[in-house]
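Chain by chain, the residues run as shown.
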Amino acid sequence: MEIRSVRGMSDLFGGELHQWSHVEGKIKEIFKSFGYSEIRTPVLEKIEVFSGTVGDETDIVEKQMYRVVTDSETYVLRPEGTASFMRAVIEHRLNSSGQASRFFYYLPMFRHERPQKGRLRQFHQFGAELINDASPEADAELITVLDQIYKSFGISEYQVRVNSVGCNQCRNSYKETLKQFFKPKLQELCEQCQKRFDRAAMRILDCKRETCRDIAKSAPLITHCLCADCKAHHEKMKHCLTKANVTFEEDPYIVRGLDYYTRTAFEFTSNLLGAQDALGGGGRYDGLSARFGAESFPAVGFGLGMERLMIALQEKQLLPETASAPVFFFAPIGEKAFEILYPLSLRLKRHGIWCDMSYDKTKGLKWFLKQANRVNAKYSLLLGDEELKNNIAVLKDMKQGSQENIPLASLENELLRRAQHAP
Ligand code: HAM
């Protein structure tokens with residue numbers, strides 16, 4: 001029986017992996033220019049990192065975590081990065097300077113969801129987190145970074161949707177107002193929303209079912225229930241976005257699937273994606289450190305789904321050529337030629353030049369040329385008895401079909417020179 005990978009978890013290799021690396025590299029450069037430094041946390045965390053912090057009524061904690069149970073402990077595979085990040089910040093006192101500090105991560109996440117296009121069980125997230133800064137400018141900076149990432153790849157087909165979910169105080173009174181609104185309509189809501197009613201009434205606004213959405217359309221909006229400070233923060237944040245040239249729209253229905261948000265919450269959606277249309281999202285989470293029992297400090301961040309970015313880039317045909325190829329393919333015919341070309345190929349590789357060579361000494365010219373074509377080499381280099389007699393090697397340009405004789409004495413220099421000019 002063939003053993004296959006776990007459903008919703010993919011292998012990455014060849015041309016596709018090449019494209020991923022290219023995209024990852026560009027994103028890391030953007031983080032660098034905005035002053036974010038990398039942090040890596042372990043895949044496995046104690047369950048307490050997420051339960052009680054991300055929110056026990058969220059889908060992630062309620063039903064999507066992969067558990068690893070040993071005799072004494074229950075661990076989980078990281079379902080999201082922010083709680084792990086916060087655990088690490090507190091453990092290593094990364095907040096102790098009291099100064100604004102910026103971090104990014106690029107890590108696999110694990111959620112036991114129903115797989116579909118753009119929704120996997122192991123997926124990859126770039127995340128950015130900025131701690132020790134409570135200002136609306138910090139929120140707008142994060143949104144600008146995310147906006148810059150998509151823009152830098154040439155994607156413009158997305159909406160930046162922003163909201164404020166208020167602070168504990170105004171949110172609690174809003175939740176009460178919402179409950180009063182939904183109470184007489186409880187029987188018309190889906191089973192899931194009926195369950196949410198008591199402890200997570202705001203998440204009813206996020207339900208995708210049409211009946212629930214219809215009812216939610218006339219629900220009171222958080223925008224009208226914000227306290228004066230939250231309202232001022234939100235207005236300033238939007239002002240900063242305008243100054244940063246970020247086109248956005250206000251969406252009071254954004255509540256996010258995680259419980260730790262306060263004030264700013266945002267989502268980038270795109271119709272390039274299909275049903276799972278969230279390219280990325282995030283917000284402020286000033287209360288999260290206290291949920292870990294630590295002193296309270298402000299924080300804001302986002303997560304960007306790599307798989308979804310790749311879908312968008314593919315849709316728009318913005319991905320680079322899938323395969324990189326060797327500059328040279330060496331074709332030694334006979335033992336003597338092999339003895340010359342083998343060390344030469346290693347020397348070129350030490351110079352950083354991709355030089356392919358088969359170690360099979362039984363093959364002839366036809367086979368070598370076929371291989372050079374298969375790997376898409378720019379040049380093949382032929383050395384056989386006839387060439388040895390004349391102290392030359394034959395360099396063939398595989399695309400143009402032209403070939404020339406190169407004296408063995410200057411072969412290495414000539415190949416180095418050609419490699420410099422190879423694309
Ligand atoms: P999130 O909205 O759960 O936020 O995930 C962020 C992004 O990860 C989504 O917008 C989506 O692009 C991608 N994503 C989520 N689930 C899947 C999946 N099953 N398959 C593929 N891609 C997926 C967070 O995780 C927060 N930690 C973001 C954050 C950082 N907030 C503050 N700081």
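Residues numbered from 1 in each chain as written. Predicted model: local features only at pLDDT ≥ 70, side-chain atom pairs only at ≥ 80, totals over all residues. Heavy atoms only, no water.

Enquirer: So what's going on with the overall build of the chain? Residues and values would help.
Expert: Looking only at helices and strands, the chain features 14 helices and 16 strands. Whereas a compact globule of 423 residues would reach a radius of gyration of roughly 22 Å, the chain reaches 28 Å, over 25% beyond that. Taking the principal axes of the C-alpha coordinates as reference, the chain spans close to 95 × 55 × 45 Å. Within the chain, contacts between residues separated by at least 24 positions form 70% of all contacts whose residues are at least 6 apart in sequence. Accessible surface for the chain amounts to roughly 21,500 Å². Of this, 48% is attributable to carbon and sulfur atoms. In the chain, 58 side chains carry a positive charge and 55 a negative one; their mean positions are 2 Å apart. (Helix = DSSP H or I, 4+ residues; strand = E, 2+ residues; numbered from the N terminus. Rg over C-alpha atoms; globule rule 2.2 N^0.38 Å. Contact = heavy atoms within 4.5 Å. Areas by Shrake-Rupley, 256 points an atom, 1.4 Å probe, with all protein chains shown as cover. Lys, Arg positive; Asp, Glu negative; His and termini not counted. Charge placed at Lys NZ, Arg CZ, Asp CG, Glu CD.)

Enquirer: Give a description of the pairing of strand 14 (residues 379-383) that names residues and reports values.
Expert: Of all five residues in strand 14, five are buried; the element is thus mostly enclosed. Side chains Tyr-379, Leu-381 and Leu-383 of strand 14 all project onto a buried face; the interleaved residues Ser-380 and Leu-382 project onto the opposite face, where all are buried too. Pairing analysis gives five bridges linking strand 12 (residues 328-332) to strand 14, with the strands arranged parallel. Bridge pairing in strand 14 places Pro-332 opposite Leu-383. Strand direction decides the pairing type here: strand 14 and strand 15 (residues 392-397), joined by four bridges, are antiparallel. Each bridged residue has a counterpart across the sheet, and for Tyr-379 the counterpart in strand 15 is Asp-397. (Buried < 20%, exposed > 50% of the residue type's maximum accessible area, 1.4 Å probe, protein only. Pairing = 2+ DSSP bridges.)

Enquirer: With reference to specific residues and values, describe the domain arrangement of the chain.
Expert: Domain parsing of the chain yields domain 1 (14-167 + 227-315) and domain 2 (328-421). Between domain 1 and domain 2, the C-alpha centre-to-centre distance is 50 Å. (Domains from an automatic or database assignment.)

Enquirer: Which residues make up the sheet that holds strand 1 (residues 37-38), and what values go with them?
Expert: Spatially, 1-5-6-11-10-9-7-8 is the arrangement adopted by the eight strands of the open sheet, whose pairing is mixed. Looking at the sheet topology across the chains shown, the edges are occupied by strand 1 and strand 8 (249-250). Note that strand 7 (residues 159-164) and strand 8 share two bridges and pair parallel. By the bridge assignment, Arg-161 is partnered in strand 8 with Glu-249. Relative to the sheet, helix 8 (residues 228-243) contacts strand 7, strand 8, strand 9 (264-269) and strand 10 (278-284), its axis offset from that of strand 7 by approximately 160 degrees. Against the sheet, helix 10 (residues 306-315) engages strand 5 (101-110), strand 6 (122-131), strand 10 and strand 11 (299-305), with an angle of about 50 degrees to strand 11. (Axes fitted to C-alpha atoms, helices over the stretch in contact; angles between N-to-C directions.)

Enquirer: Now, about the sheet that holds strand 3 (residues 67-69): what can you tell me, with residues and values included?
Expert: With respect to topology, three strands assemble into an open sheet ordered 2-4-3, the strand pairing being antiparallel. Every interior strand has two partners, whereas the edge strands, strand 2 (44-46) and strand 3, have only one. Ignoring strand direction, the axes of neighbouring strands in this sheet form an average angle of 35 degrees.

Enquirer: Break down the site of the ligand for me, citing the residues and quoting the values.
Expert: Taken together, 26 residues surround the ligand, and among them Glu-80, Thr-82, Glu-113, Glu-129 and Tyr-261 come closest. At a separation of 2.9 Å, a nitrogen atom of the ligand approaches a polar backbone atom of Leu-120. Take Arg-256: an N or O atom from its side chain is 2.9 Å from an oxygen atom of the ligand. In isolation the ligand has 660 Å² of accessible area, and contact with the protein removes 95% of it. Counting residues per element, the ones that place at least two in the shell around the ligand are strand 6, strand 10 and strand 11. Ranked by the residues each element gives to the shell around the ligand, the list is headed by strand 10, at six residues. (Near = heavy atom within 4 Å. Polar contact = N/O pair within 3.5 Å; in protein donor to acceptor, adjacent residues only side chain to side chain.)

Enquirer: Run through the nonpolar core, naming residues and quoting values.
Expert: Membership of the largest hydrophobic core comes to 53 residues, with the highest contact counts inside it found for Phe-85, Phe-182 and Leu-205. Contributing elements (two or more residues each) for this core: helix 2 (59-64), helix 3 (81-91), strand 5, strand 6, helix 5 (168-182), helix 6 (191-199) and helix 7 (210-217). In contact with Phe-182, not counting residues within four places along its chain, are Leu-189, Phe-197, Ala-201, Ile-204, Leu-205, Ile-215, Ala-216 and Ala-219. Counting residues in each nonpolar core, the second largest holds 43 residues, with Tyr-150, Leu-241, Leu-309 and Ile-311 among its members. (Core = buried A, V, L, I, M, F, W, Y, C linked by side-chain atoms within 4.5 Å.)

Enquirer: Would you mind going over the side chain of Thr-269 in detail, with residue names and values included?
Expert: Counting through the fold element by element, Thr-269 comes out in strand 9. Overall, the relative accessible area of 6% leaves Thr-269 in the buried class. Discounting chain neighbours no more than four positions away, the residues touching Thr-269 are Glu-157, Tyr-158, Gln-159, Arg-161, Asp-277, Ala-278 and Leu-279.

Enquirer: Can you tell me about empty space enclosed by the protein, naming the residues and giving the values?
Expert: Applying the stated criterion to the full structure yields one cavity of 30 Å³ or more. By volume, the largest cavity amounts to about 40 Å³. What lines the largest cavity is Pro-332, Gly-334, Glu-335, Phe-338, Asp-360, Lys-361 and Phe-368. For the lining of the largest cavity, the class distribution of residues is three nonpolar, one polar and three charged. (1 Å grid on protein atoms, 1.4 Å probe; cavity = no way out; pocket = protein on both sides within 12 Å on 5 of 7 lines; lining within 4 Å. Points joined across faces, edges and corners; volume = space filled by probe spheres on them. Nonpolar A, V, L, I, M, F, W, Y, C, P; charged D, E, K, R; others polar.)

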